[in-house]
Amino acid sequence: MEKFYSKIEPTKLLHCVVRQEDFCEKRTDLVSPLEFLQCSALNLEENTTFRPHKHIYKDIEQVFPQESWCVVEAKVKCTLYDIDDSILAEPIISAGEASFSFGGGHNYLVIEKAKVFEYKVGPYLGIGKDKIFI
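Note that the structure is predicted; figures quoted are calculated from it, not measured.

Caption draft 1: Quick look at the pattern of salt bridges. Applying the stated rule across the entire model yields five salt bridges. We note a salt bridge from Glu-97 to Arg-19, for which the minimum N-O separation is 2.8 Å. Separated by 78 residues along the polypeptide, Glu-97 in the loop between β8 (92-94) and β9 (98-101) and Arg-19 in the loop between β2 (13-18) and β3 (27-29) bring together distant segments of the chain. The class for Glu-97 is buried, based on a relative accessible area of 9%. Overlapping salt bridges, with partners in common, bring together Glu-2, Arg-19 and Glu-97 in one network.

As structure tokens, then:
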């Protein structure tokens, strides 16, 4: 896993990129339990199952906007920005890989026609309340 920390606040993790080789155990938690956006890599055997369950609603006063892209097919170039809008890194993610943005800006360039899952914090209240362009 590649981790990208702010150059302005060096202890602040802004982005990470998860690679295929990060699927090394049955379950690997990829994101700190303190982040709103959670993700684990699951490497599961045939016929694996879990106890049926539902999750408990969490009354969170303020949610920090976070986003993830999971590439299903093709390649995507990520541009990952620091908190001052300067470029931190430009990794390329391929099928089976993902990027996570916990803070700082981001942009994506589709290198090949791609299939991507995008995950982000909701609710979506319109573009004016959703993003600031860099």
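This is not the end of the story, as more comes after the structure.
Caption draft 2: Region of the structure containing the side chain of His-15. On the secondary structure map, His-15 appears in strand β2. Of the polar contacts made by the side chain of His-15, one reaches the side chain of Ser-101; its length is 2.9 Å. Residue contacts for His-15: discarding those within four places in its chain leaves Glu-2, Lys-3, Phe-4, Leu-80, Tyr-81, Leu-88, Phe-100, Ser-101, Phe-102, Gly-103, Gly-104 and Gly-105.

Scoring rules and cut-offs
Residues numbered from 1 in each chain as written. Predicted model: local features only at pLDDT ≥ 70, side-chain atom pairs only at ≥ 80, totals over all residues. Heavy atoms only, no water. Salt bridge = Lys/Arg side-chain N within 4 Å of Asp/Glu carboxyl O. Helix = DSSP H or I, 4+ residues; strand = E, 2+ residues; numbered from the N terminus. Buried < 20%, exposed > 50% of the residue type's maximum accessible area, 1.4 Å probe, protein only. Polar contact = N/O pair within 3.5 Å; in protein donor to acceptor, adjacent residues only side chain to side chain. Contact = heavy atoms within 4.5 Å.

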